[in-house]
Amino acid sequence: MVELWNLYVAFFRIGILTFGGGLTMLPMLKYELVEKRNWITEDVLLDCYAIGQCTPGIIAVNTATFVGYKRKGVLGGIVATLGMATPSILIITVVAMFLEAMMSYAIVQHAIMGIRGGVCGLMLNTVYTLAQKSLTKKDPEGKLHLDKICVAICAAAFVLAFFTPIPTVLIIVIAAVVGVILDKVTGGAAA
Amino acid sequence: MSQAFLLIFEFFKTGLFAIGGGPATIPFLMDMAKKYPWFTMHELSSMIAISESTPGPIGLNMATYAGFRTLGTFGGIVSTLALVLPSIIVILIIAKFLDGFQENRIVQAVFKGIRPAVTALIAAAVIDMIRVTLFTEEAGKVIPQYKGCILCVVIFALLQWKKLKKLHPAVWFLAAAVVGVVFRF
């Protein structure tokens, strides 16, 4: 019981001290789980994190479930995840209530219109950074090159997403199938 | 009640198919904005700003916010739990049965296909969002909102500067809010 509570508290702390999510939380995880509590080694943490990245769902949540499971089994996985989600639920609910009440002021509306422009700029940058990461590969000398196959998949998915009513889920499933077919055709040379 | 089930269904689906963290949920939220009267595309952009500037993983924050907009506090809790449920199920199965999951060749092949597609999905969603928030349509004509467009381009340009890249998103939103008030957006 005490261990489960500690697990909940640890992930509550990680949730409340992480801004941004997924990729920015690794230093927090390392501090809370490896350095402070000695619950897992850094290698196990990096394993959890790698699996968290390549499984469905939010990276932060996946990592929490995985670490919780390693520590205290299935119940541990659930408790750690709930600990991670609690701060989001509390904070966002309060902020949302507060904002709804403020919306009628002109100054707040101007501020929000400004923020919307800012969000567009920031999101453009997110896409740009993501494209740099997901559409390139390293050659043996460590230089980055555009990966033609990735660019083709990206372009095809973009056309489907932007110009057709095909649901997002279906596009992801198609992409997964294409990945497997490419692997079979190229005999793994593309991976 | 049926609204609650729809919320749970949509966020469960998002949790199951949003691969790669916070921004990957945006295409799904965009679908919801188009399909249901829960929140508009305009509100979605404020939701993103708030989710990025408050503690907690962005994906969870957005689920709570979207649920709250739809069904109040109850909606916020339900949506967030629905979002994490697929993670819990999938990760527990993987942790229990699959050793060396990420080294598995099929898994690698699947992600080789999915990663560039996710980039495309997010790009399409962001372009859609820009079209709705920075452009208005009047009598069939598309009119850009110049102030918003300029701010968007300036912030994107500043973000390419290494020293500014590390600034917390909340700093940018605060600056954008001040610009919005000063220049009467």
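Rules and cut-offs
Residues numbered from 1 in each chain as written. Chains lettered and ligands numbered in written order. Predicted model: local features only at pLDDT ≥ 70, side-chain atom pairs only at ≥ 80, totals over all residues. Helix = DSSP H or I, 4+ residues; strand = E, 2+ residues; numbered from the N terminus. Rg over C-alpha atoms; globule rule 2.2 N^0.38 Å. Buried ≥ 20, exposed ≤ 12 C-beta atoms within 10 Å, placed from the backbone. Contact = placed C-beta atoms within 7 Å. Nonpolar A, V, L, I, M, F, W, Y, C, P; charged D, E, K, R; others polar. Core = buried A, V, L, I, M, F, W, Y, C linked by C-beta atoms within 7 Å. pLDDT = per-residue confidence, 0-100. Axes fitted to C-alpha atoms, helices over the stretch in contact; angles between N-to-C directions. Parallel < 35°, antiparallel > 145°, perpendicular 65-115°, else oblique. Pairing = 2+ DSSP bridges. Expected span 1.5 Å × (residues − 1). Bend = angle between axes of the 7 residues up to and from the residue. Left-handed = near helix turned anticlockwise from the far one by under 90°.

Asks: Describe the overall build of chain A, with residues and values.
Replies: The secondary structure content of chain A amounts to seven helices and three strands. Reading the secondary structure of chain A in the N-to-C direction produces α-β-α-α-α-α-β-β-α-α. Rg of the C-alpha trace for chain A: 21 Å, well past the compact-globule value of 16 Å for 191 residues, more than 25% over. Its C-alpha atoms give chain A principal-axis dimensions of about 50 × 50 × 35 Å.

Asks: Mind laying out the overall build of chain B, listing which residues take part and the relevant values?
Replies: Of regular secondary structure, chain B possesses eight helices and three strands. Counting only C-alpha atoms, chain B reaches 60 × 45 × 35 Å along its principal axes. Residue burial in chain B is summarised as follows: out of 185 residues, 52% are buried. Counting only contacts in chain B whose residues sit at least 6 apart along the sequence, the fraction spanning at least 24 positions is 57%.

Asks: Describe the interface of chain B and chain A, listing the residues and the values that go with them.
Replies: Bring the parts together and some accessible area is lost; that lost area is often taken as the interface size. Contact residues are listed per partner, giving 87 residues for chain B and 81 residues for chain A. Elements with a minimum of two residues in the side of chain B that touches chain A: helix 1 (2-17), helix 2 (26-35), helix 3 (41-53), strand 1 (56-57), helix 4 (58-97), helix 5 (105-134), helix 6 (146-159) and helix 8 (169-182) of chain B. Broken down by element, the side of chain B that touches chain A gets its largest block of residues, 25 residues, from helix 5 of chain B. Of the residues assigned to the side of chain B that touches chain A, the class counts are 57 nonpolar, 23 polar and seven charged.

Asks: Give me unusual backbone geometry: which residues, what numbers.
Replies: Excluding glycine, residues mostly carry a negative phi; peptide bonds, for their part, are mostly trans. Even without being a glycine, Asn38(A) presents a positive backbone phi close to 60°. Considering the arrangement of structural elements, one finds Asn38(A) in the loop between helix 2 (26-36) and helix 3 (42-53). With 8 C-beta atoms counted inside 10 Å, the residue Asn38(A) sits in the exposed group. Here Arg184(B), not a glycine, exhibits a phi torsion of approximately 50°, which is positive. Here Arg184(B) lies in the segment after helix 8.

Asks: Lay out the nonpolar core in plain terms, naming residues and giving numbers.
Replies: Counting 111 residues, the largest nonpolar core has Ala157(A), Ala117(B), Ala120(B), Leu121(B) and Ile122(B) as its most contacted members. Once you skip the residues sitting within four places of it in the chain, Leu121(B) turns out to touch Ala157(A), Ala161(A), Thr168(A), Ile171(A) and Pro27(B).

Asks: Can you tell me about the confidence of the model for chain A, naming the residues and giving the values?
Replies: Of all residues in chain A, 95% attain a pLDDT of 70 or more, and the chain-wide mean is 86. The spread of mean pLDDT over the elements of chain A runs between strand 1 (residues 19-20) of chain A, the lowest at 65, and helix 6 (residues 148-163) of chain A, the highest at 94.

Asks: Explain the packing of helix 4 (residues 59-102) of chain A against helix 4 of chain B residue by residue, including any values.
Replies: Between two packed helices, the angle of one axis relative to the other and the distance separating the axes together describe the packing. Put simply, helix 4 of chain A and helix 4 of chain B touch, their axes get as near as 10 Å, and they point 170° apart. With respect to helix 4 of chain B, the element helix 4 of chain A is oriented roughly antiparallel.

Asks: Tell me about the confidence of the model for chain B, and please be specific about residues and values.
Replies: All names here are of chain B. Looking at chain B as a whole, its pLDDT mean stands at 87, while 97% of the residues score no less than 70. The lowest-confidence element of chain B is strand 2 (residues 135-138), averaging 82 in pLDDT; the highest-confidence one is helix 6, averaging 94. In the predicted assembly, ipTM is 0.81 and pTM is 0.80.

Asks: Please provide a residue-by-residue account of the pairing of strand 3 (residues 141-144) of chain B, values included.
Replies: As paired strands, strand 2 of chain B and strand 3 of chain B are joined by four bridges and run antiparallel to one another. Opposite Thr136(B), over in strand 3 of chain B, you have Ile143(B) as the bridge partner.

Asks: Which residues make up the environment of Met32(B), and what are the values?
Replies: Residue and element names in this part refer to chain B. Checked against the element boundaries, Met32 lands in helix 2. What makes Met32 partly exposed here is the crowd of 19 C-beta atoms within 10 Å. Considered as a pair, Met32 and Gln3 are 29 residues apart in the sequence and their alpha carbons are 13 Å apart. Among all residues touching Met32, those that are not within four sequence positions of it are Glu10, Trp38 and Ala66.

Asks: Break down helix 4 of chain A for me, with residues and values.
Replies: For helix 4 of chain A, with 44 residues, the first-to-last C-alpha span of 33 Å runs short of the 64 Å given by 1.5 Å per residue. By the largest-angle criterion, Lys72(A) marks the main kink of helix 4 of chain A, which is about 145°.

Asks: Can you explain the packing of helix 5 (residues 106-134) of chain A against helix 6 of chain B? Please cite residues and give values.
Replies: In the contact formed by helix 5 of chain A and helix 6 of chain B, the axes pass within 8 Å of each other and the chain directions differ by 40°. Looking at the two axes, helix 5 of chain A sits oblique to helix 6 of chain B. Of the two elements, helix 5 of chain A crosses helix 6 of chain B, and the hand of that crossing is right-handed. Contacts between helix 5 of chain A and helix 6 of chain B pair Met113(A), Gly114(A), Arg116(A), Gly117(A), Gly118(A), Cys120(A), Gly121(A), Leu122(A), Leu124(A) and Asn125(A) from the former with Gly148(B), Leu151(B), Cys152(B), Ile155(B), Phe156(B) and Leu159(B) from the latter.

Asks: Which residues make up the environment of Val95(A), and what values go with them?
Replies: Tracing the backbone through its elements, the reader meets Val95(A) in helix 4. For the pair Val95(A) and Pro56(A), spaced 39 residues apart in sequence, the C-alpha to C-alpha distance is 28 Å. Beyond its immediate sequence surroundings of up to four residues, Val95(A) is in contact with Ile50(B) and Thr54(B).

Asks: Could you give an account of the environment of Leu46(A), with specific residues and numbers?
Replies: All names here are of chain A. By secondary structure assignment, the location of Leu46 is in helix 3. A residue is classified by how many C-beta atoms lie within 10 Å of it, and Leu46, with 15 of them, is partly exposed. C-alpha separation for the pair Leu46 and Cys150, spaced 104 residues apart in sequence, amounts to 25 Å.

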